[in-house]
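Topology and contacts: notes
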Amino acid sequence: MEDPLDVHDEPRAERRDSVFGRLDRVEPGETVAITADTDVRPSIAQYRIERETALEWTVETDGPDAWEVHVTKRDESTAESPDFDVREIPPKRRHEVLTDTFDRLEPGQGFVLVNDHDPEPLYHELRSTHGDVVSWEYASRDAGEWRVEIAKTDESDAATDDGVAATFDVREIPKPERHPTIHHRYGNLEAGDAMEIVAPHEPKPLHQEFQQQYGDAFEWAVMDRSPGEVRVRITKGSGGADEAGDDLAVTTELDVRDRPPAERHELIFESYADLEAGEGFVLVNDHDPKPLYHQFEAEAGPEFHWEYRLKDPGEFRVLIGKTDAGSGPASTATATHSDAAADDGPQAPF
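Parameters and conventions
- Residues numbered from 1 in each chain as written.
- Predicted model: local features only at pLDDT ≥ 70, side-chain atom pairs only at ≥ 80, totals over all residues.
- Heavy atoms only, no water.
- Salt bridge = Lys/Arg side-chain N within 4 Å of Asp/Glu carboxyl O.
- Buried < 20%, exposed > 50% of the residue type's maximum accessible area, 1.4 Å probe, protein only.
- Phe/Tyr/Trp six-rings, centres within 6.5 Å; stacked < 30°, edge-to-face > 60°.
- Helix = DSSP H or I, 4+ residues; strand = E, 2+ residues; numbered from the N terminus.
- Pairing = 2+ DSSP bridges.
- Axes fitted to C-alpha atoms, helices over the stretch in contact; angles between N-to-C directions.
- Contact = heavy atoms within 4.5 Å.
- Parallel < 35°, antiparallel > 145°, perpendicular 65-115°, else oblique.
- Left-handed = near helix turned anticlockwise from the far one by under 90°.
- Nonpolar A, V, L, I, M, F, W, Y, C, P; charged D, E, K, R; others polar.
- Right-handed = clockwise from strand over helix to strand, strands pointing away.
- Polar contact = N/O pair within 3.5 Å; in protein donor to acceptor, adjacent residues only side chain to side chain.

1. Considerations on the pattern of salt bridges
Applying the stated criterion across every chain, the model contains 25 salt bridges. Asp39 is the salt-bridge partner of Arg41, the closest N and O atoms lying 2.9 Å from each other. As far as burial versus exposure is concerned, Arg41 and Asp39 are alike and both buried. Taking the shortest distance from any N to any O, the salt bridge between Arg171 and Asp169 comes out at 2.9 Å. Because the salt bridges share partners, they merge into one network encompassing Asp83, Asp85, Arg87, Glu145 and Arg147.

2. Things to note about the packing of aromatic side chains
Centre-to-centre distance and the angle between the planes together describe a pair of aromatic rings. Counted according to the given criterion, the structure contains 16 aromatic pairs. On the basis of an interplanar angle of 70° and a centroid distance of 5.9 Å, the ring pair of Phe84 and Phe111 is categorised as edge-to-face. You can see Phe84 sitting in strand 5 (residues 83-85) and its partner Phe111 sitting in strand 6 (residues 110-115), a full 27 residues away along the chain. On the basis of relative accessibility, which here comes to 2%, the residue Phe84 falls in the buried class. Owing to a relative accessible area of 1%, Phe111 belongs among the buried residues under this scheme. Clustering of aromatic rings is evident, with ring pairs tying together Phe269, Tyr272, Tyr293, Phe296, Phe304, Trp306 and Tyr308.

3. What to know about the sheet that holds strand 12 (residues 229-236)
If you trace the four strands from one edge of the open sheet to the other, you get 9-10-12-11, paired in mixed fashion. Every interior strand has two partners, whereas the edge strands, strand 9 (166-169) and strand 11 (218-226), have only one. Direction aside, neighbouring strands of the sheet carry axes that sit 15° apart on average. In this sheet, strand 12 lies alongside strand 10 (residues 194-199) in antiparallel orientation, the contact comprising six bridges. Across the sheet, residue Ala199 finds its bridge partner in strand 12, namely Val230. Packed on one face of the sheet, helix 5 (residues 175-187) meets strand 9, strand 10, strand 11 and strand 12 and runs near 165° to strand 10.

4. Section: the packing of helix 2 (residues 41-51) against helix 3 (residues 91-104)
Contact geometry for helix 2 and helix 3: axes closest at 10 Å, N-to-C directions at 25°. Viewed along their axes, helix 2 and helix 3 adopt a mutual orientation that is roughly parallel. Pair helix 2 / helix 3 crosses with right-handed handedness. Seen from helix 2, the contacting residues are Pro42, Gln46, Ile49 and Glu50; seen from helix 3, they are Arg93, Val97, Asp100, Thr101 and Arg104. Residue classes in the contact of helix 2 with helix 3 are distributed as three nonpolar, two polar and four charged.

5. Thoughts on the packing of helix 1 (residues 12-25) against helix 2
Remark: helix 1 packs on helix 2, axes separated minimally by 10 Å, with the N-to-C direction vectors making an angle of 55°. Here helix 1 is positioned oblique relative to helix 2, judged by the angle of their axes. Where helix 1 crosses over helix 2, the handedness of that crossing is right-handed. Taken together, the residues of helix 2 that come into contact with helix 1 (itself represented by Arg16, Val19, Phe20, Leu23 and Asp24) are Ser43, Ile44, Gln46, Tyr47, Glu50 and Arg51. Classifying every residue of the contact of helix 1 with helix 2 by side-chain character gives five nonpolar, two polar and four charged.

6. Some points on the pairing of strand 6
Among the six residues of strand 6, six are classified as buried, and the element is accordingly described as predominantly covered. Alternating residues of strand 6 divide into Gly110, Val112 and Val114 and Phe111, Leu113 and Asn115, and every residue in both groups is buried. Sheet analysis places strand 5 next to strand 6, joined by three bridges and oriented parallel. In the strand pairing of strand 6, Phe84 is matched with Leu113. Taken together, strand 5, helix 3 and strand 6 constitute a β-α-β crossover, and its handedness is right-handed. Where strand 6 and strand 8 (residues 145-152) come together, six bridges link them in antiparallel fashion. Paired with Gly110 across the bridge in strand 8 is Ala151.

7. What about the side chain of His117?
Take His117: it is sitting in the loop between strand 6 and helix 4 (120-130). A distance of 2.8 Å separates the side chain of His117 from the side chain of Asp116, its partner in a polar contact. Excluding residues within four positions of it along the chain, His117 makes contact with Arg94, Trp146, His184 and Thr251.

This is the structure we're talking about:
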């Protein structure tokens, strides 16, 4: 075994370069032990994809503040697209890791993304940034395991902007998917990160949604305006109506308004059961689902999170999620609509 590679306290970009440099020097059959203060498996997976080299690794220590991964290089190249299983990567880091991985691909290279839900928002993000060089094909859609074959078919002329974490050209996204896609990605941004929206005109309905759902915890700036194209930058602020909600990665939007009432609670509880710690979904209902809140409060554990984001006639939006168990109160409930009032006492969910 080689001397361990210690990348503690290295910046993320330098850590990746250190891992790549050491693995480049490893001969087939040799093993290197990589130690770090964060999970280095994304960098190892990127190496396997970019270098088209067979690797095997075992995790000896798996955090949260100390990691040790033993990586062995094998004596063969991988002709097929390797799996990149991101289910153990924190949801807020997945888009960053995956977009960075795609950025670094050479034409003809690719990988098989393995995720725990439909990663369609990633598809829209890659297409918005890179155009038609993105090859995207679903291989399976099993519960808890979605497999997508992703490849770069040609050189990309994507413009890079270090100040923007994600870009979406909504002109290329089907209308029913536009707002859920943008809210999903915004939910995965860190405080201070920004995303850009390219639209044929200023997306004022989206701006209104952001005001209703996030209050003053974001900045909205029109960066460029020309005939048929408006570019808007949205920056995520800190704080807001509920800090625990800000920490949740929104995996999907669950609109039950078209479902028979008898089916709604079962579907909602199934969706909650599928969540991992740190994840949530936005429930859209045609009336206040307050009885559902009381059922969750009675049956769910201290990780249960409930946060009103919109209260309008015919459209109620609630963020439902799982925080880190035991890290806070049994439930939180905050109304962000401007005229919502907490008039049912301190235990009411609004």
